[in-house]
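Descriptive structure summary
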Amino acid sequence: MNKHEIAEVLDTMGTLLALKGDNPFEIRAYHNAARVIENLDENLEKLVLDNSLEKIPGIGQRLAKKITILITTGRLPAFEKLKKSIPAPLLQLLKIPGLGSKKVKALYEKLHIRSIEDLLRACKGGKVARLAGFGEKSQANIMNGIAKMESYGKRMLWWDAKHIADSLTEAFSTCKQVKKVEVAGSLRRGLETVGDLDILAISTKPLQVMEWFIKQPFIKKVLARGPTKASVRLKDEIQVDLRILPENEFGFGLLYFTGSKEHNIRLRIRARERGYMLSEYRLDPIQKKERPLFSKKEAPSEKEIYRALGLCYIPPELREDMGEIEAAEKGKIPRLIEEKDLMGAFHCHTAESDGHNRLEEMVSSAENLGWKYIGISDHSKSSFQANGLAPDALIAQMQRIARLNRSKKFSTYIFSGTECDILKDGRLDFPNEILKKLDFVIISIHSSFQLDEAAMTKRLIKAIENPYSTIVGHLTARLLLERDPIAMNHEKVIDACIANGKIIELNGHPMRLDMDWRLWHKARDKGLKTLIDPDAHSVKDLEFVRSGVKVARKGWLRKQDVLNTLSLKAMKAFLEKQKK
Ligand code: DGT
Ligand code: CA
Ligand code: CA
Ligand code: ZN
């Protein structure tokens, strides 16, 4: 078990003890220990081996023993016993976002709620609002939480889905009867979350491929199956729709199953206007006597099908019926940014705040990726939950970075920065005297998410207007499938950035992908620039720039819109100029 898993167990234990009405000090001790473990810098296993867990403030003798058992055996009998002693419906109700142990207990005991369905019914009947300590607002929050839990539970992050899809295509490459396989659907379009995977395989022996497929060990359940189609649920809990086609239908199938539905409908209408019927199998003349555009022997590519409809090729990321058809008609589809265009990235954390790797390890990995530069930005002090740096620690880090740059130990240049909290009133967490010493300043919201639209917009604009801020980090603070974006007037915030020469980051972290791709096309036309950042908390996370690039493409961004395509020299000059 790693420290996150252990923290999770301790935190849950605190909640379960609260459900049982245990001693409040005991409960607090568990929640507190969870926080301490989560933010621990030292190696937990080493602490256990050295018998020095107890020396950590907040970890007493009994907790140290429990953590030791968890580390050494991966299980904790006391936790399992505690879980068993609690009625299952209570555990289920606890999963609703925003519902704590006190409220769950009241609902269970006073309203005899035994399931989420019970709870939803009670909310709809207004019973929850009438319960002491609840009220209309809290009832509405609960209903909202249930709706969110249901919709969140049905989808998966693009990044996770991509990894599953990659291993599936790899498995298909071992099936001799499959000539080619491609993943279509929302995954191919680069949507931030994915509902199910749509896989297309070319084969002349569909029955054999089907036999092979449904026997694969990664499949949990076959939901439906025909000679050329199947729907299955994987052990990874995602559904897969498989379609096996002959080569001459592949382009049509790929186009149809990549979608989106809205894009497909536009294409079909366009075909009809030109006297053709476009389907997932072919493009036929409506008048039977007319000659088809493609003979049965041909296997047209997507590009050729677009051309037959009088359009230039439209990359999958743009297929959302958001202006791409009109652009393709005029031959004005932009050349989109590619992974190879990136020269480096900013927004990387080290173990000094909440990262897992030391500065040198981060730089060394950036060097291995071929990055010409990396921007280090640990948290500021208000982000105490992320172990934010105090001013003197930041200055010490800056000096270490300067020394490392001078030493030429790495070919990757290091820019010194911070991810500085935007406080509730729009002030920044560090004074300007410190900010101005840095190469760049990312400003981010990590607290007070609940402000209304006007207050939040004002807060952001005030921070953007600070002369020393450079980049707005993960603008809406959303966590995909977990936390909704904060309220704000996007237009006003974007305009303020442009007026003040500030950048809005495209945060490539798979849970963020923020600012949202739907806002980028218009923003870039107004002149807004971006940086595609990984928001890395470990060396492995540097790769998150790849999901950033996918989503940047979805936002119509070109190389010239993305500043971390600049050479080191140009980047240095740009940051220098920005400070003036
Ligand atoms: P997802 O799975 O919810 O993340 O999103 P998609 O886009 O992958 O949707 P999915 O799996 O339901 O269907 C794959 C593609 O098939 C979709 O993007 C377009 C096409 N498609 C599905 N249903 C329809 C439909 O009713 N009409 C049209 N024109 N196309 C459809
Ligand atoms: Ca899909
Ligand atoms: Ca599907
Ligand atoms: Zn952040």
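Conventions adopted
Along each chain, residue indices are assigned from 1 in the same order as the chain's sequence is written. Key to labels: chains lettered from A, ligands numbered from 1, both in the order written. Per-residue local features of the predicted model are confined to residues with pLDDT of at least 70, and side-chain atom pairs are confined, for both listing and counting, to 80 or more; whole-chain, interface and lining totals are unaffected and use all residues. The basis for every side-chain value is the complete set of heavy atoms in the structure, and neither hydrogens nor water enter the calculation. Each reported salt bridge corresponds to a side-chain nitrogen of Lys or Arg within 4 Å of a carboxyl oxygen of Asp or Glu. For every residue, the accessible area obtained with a 1.4 Å probe (protein chains only) is divided by the maximum for its type, and the residue is called buried under 20%, exposed over 50%, and partly exposed between those limits. Strands are runs of DSSP state E lasting at least two residues, helices are runs of H or I lasting at least four, and both sets are numbered from the N terminus onward. Each metal's donors comprise the N, O and S atoms found within 2.8 Å of it (within 3.2 Å for Na, K or Ca). Water is not part of the atom list, so some coordination spheres may appear incomplete. Only four donors with every angle between 85 and 135 degrees are called tetrahedral; only four or six donors with opposite donors over 155 degrees apart and all others between 65 and 115 are called square planar or octahedral, in that order; all others are irregular. Between the first and last residue of a helix there are one fewer steps than residues, each counted as 1.5 Å, and that sum is the expected span. Axis lines are fitted through C-alpha atoms, for helices just across the contact stretch, and the angle between N-to-C directions can take any value from 0 to 180 degrees. Here the word oblique covers every angle except those under 35 degrees (roughly parallel), over 145 (roughly antiparallel) and from 65 to 115 (roughly perpendicular). Helix crossings are classified by the rotation of the near helix relative to the far one: an anticlockwise turn of less than a right angle makes the crossing left-handed, while a clockwise turn makes it right-handed. Contacts are assigned to residue pairs with any non-hydrogen atoms lying within 4.5 Å of each other. These domain limits were set by an automatic method or by a database of domain assignments. Reported buried area values correspond to the accessible surface (1.4 Å probe) lost by two parts on association, with both partners' losses combined. The definition of a polar contact used here is a pair of N or O atoms within 3.5 Å, where within protein one atom must be able to donate a hydrogen and the other to accept one, and adjacent residues in sequence count solely through side-chain atom pairs. Amino acid classes used here: Ala, Val, Leu, Ile, Met, Phe, Trp, Tyr, Cys and Pro are nonpolar; Asp, Glu, Lys and Arg are charged; the rest, including Gly, are polar. Consider each residue's heavy atoms; a residue with any of them within 4 Å of a molecule or strand counts as near. For the accessible areas, the method is Shrake-Rupley and the probe is 1.4 Å, while residue cover comes only from the protein chains on display. Definition of nonpolar core: a set of buried residues of the types Ala, Val, Leu, Ile, Met, Phe, Trp, Tyr and Cys, connected through side-chain atoms within 4.5 Å. Like-charged residues within 9 Å of one another, or nonpolar side chains (Val, Leu, Ile, Met, Phe, Trp, Tyr) within 5 Å, are grouped into patches, provided each residue has over 30% relative accessible area and no salt bridge. His is not counted here, nor are the chain ends, while Lys and Arg score as positive and Asp and Glu score as negative. Taken as the charge location is NZ of Lys, CZ of Arg, CG of Asp or CD of Glu.

1. Side note on the pattern of salt bridges
The full count for this structure, using the stated rule, is 41 salt bridges. For glutamate 361, the salt bridge is made with arginine 358, and the minimal N-O distance between the two is 3.9 Å. By relative accessible area, glutamate 361 is classed as partly exposed at 30%. For arginine 358, a relative accessible area of 48% corresponds to the partly exposed category. Of the charged contacts, one joins arginine 478 and aspartate 516 as a salt bridge, the two residues approaching to 2.7 Å between their closest N and O atoms. Linking arginine 478 in the loop between β14 (471-472) and α22 (490-499) with aspartate 516 in the loop between β16 (506-507) and α23 (520-526), this pair joins segments that are 38 residues apart in sequence. The same class applies to arginine 478 as to aspartate 516, namely buried. The structure contains a network of salt bridges with shared partners spanning Glu352, Arg358, Glu360, Glu361 and Arg400.

2. Some details on the coordination of the calcium ion (ligand 3)
Coordination of the calcium ion (ligand 3) by the protein involves Asp196 (OD), Asp196 (OD), Asp198 (OD) and Asp241 (OD), with metal-donor separations of 2.3 to 2.7 Å. In terms of primary sequence, the donors binding the calcium ion (ligand 3) are separated according to D-x1-D-x42-D. The metal-metal distance between the calcium ion (ligand 3) and the calcium ion (ligand 2) is 3.7 Å, with aspartate 196 coordinating both. You can call aspartate 196 partly exposed: its relative accessible area is 22%.

3. Some remarks on the coordination of the calcium ion (ligand 2)
Those protein atoms acting as donors to the calcium ion (ligand 2) are Asp196 (O), Asp196 (OD) and Asp198 (OD), and they sit at 2.2 to 2.6 Å. Classification of the site at the calcium ion (ligand 2) as irregular follows from its six donor atoms and the range of 69 to 166 degrees in their angles at the metal.

4. Overview of helix α11 (residues 158-172)
Helix length check: α11, at 15 residues, gives a terminal C-alpha distance of 21 Å against a target of 21 Å (1.5 Å per residue), a fit within 8%. Residues of α11 that are buried include every one of Trp158, Trp159, Ala161, Ile164, Ala165, Leu168, Ala171 and Phe172, and no others.

5. Details of the packing of helix α2 (residues 24-38) against helix α4 (residues 61-73)
One can describe the packing of α2 onto α4 by two numbers: an axis separation of 11 Å at closest approach and a directional angle of 55 degrees. In terms of axis orientation, α2 runs oblique to α4. In terms of crossing hand, the pair formed by α2 and α4 is right-handed. Contacts from Glu26, Ala29, Tyr30, Ala33 and Ile37 of α2 reach α4 at Arg62, Leu63, Lys66 and Ile67.

6. Details of the domain arrangement of the chain
Note: interface size is frequently given as the accessible area lost on complex formation between the parts. Segmentation of the chain into domains returns domain 1 (3-152), domain 2 (156-245), domain 3 (250-329) and domain 4 (339-579). Every contact between the two is made by 11 residues of domain 2 and, on the other side, 16 residues of domain 4. Carbon and sulfur atoms make up 72% of the surface buried where domain 2 meets domain 4, a total of about 1,100 Å² over both sides. It is Leu157, Trp159 and Glu192 in domain 2 that bury the most area against domain 4; as a group they hold 58% of the surface buried on that side. Its salt-bridge partner being arginine 518, residue glutamate 192 comes within 3.1 Å of it at the nearest N-O pair. At the surface where domain 2 touches domain 4, the tally comes to four residue pairs in polar contact (both at pLDDT 80 or more). Ranked by residues supplied to the side of domain 2 that touches domain 4, first place goes to helix α12 (residues 185-189) with three residues. Residue composition of the side of domain 2 that touches domain 4, grouped by class: six nonpolar, two polar and three charged.

7. Side note on the site of ligand 1
Taken together, 17 residues surround ligand 1, and among them Arg155, Ser186, Arg189, Gly195 and Asp196 come closest. Here an oxygen atom of ligand 1 and a side-chain polar atom of aspartate 198 are 3.1 Å apart. Protein coverage of the free-state accessible area of ligand 1, which is 600 Å², stands at 71%. Counting residues per element, the ones that place at least two in the shell around ligand 1 are α12, β4 (196-202), α14 (250-258) and α15 (261-273). Here the shell around ligand 1 gets four residues from one element, more than from any other, and that element is α15. Mapped onto the domain boundaries, the shell around ligand 1 takes at least three residues apiece from domain 2 (156-245) and domain 3 (250-329).

8. A word on the nonpolar core
Core analysis: the biggest nonpolar cluster contains 63 residues, and Ile374 and Ile504 have the highest contact counts within it. At five residues, the largest contribution of residues to this core is made by helix α21 (residues 453-465). Those residues in contact with isoleucine 504 that lie beyond four places of it in its chain are Val472, Leu475, Ile494, Cys497, Met515, Trp520, Leu528, Lys529, Thr530 and Leu531. Within the second largest apolar cluster, 47 residues are counted, among which are Val48, Ile56, Leu90 and Ile113.

9. As for a negative patch on the surface
A cluster of acidic side chains, namely Glu5, Glu8, Asp11 and Glu38, defines a negative patch on the protein surface. For the negative patch, the element with the highest residue contribution is helix α1 (residues 3-19), accounting for three residues. In this structure, aspartate 11 sits in helix α1.

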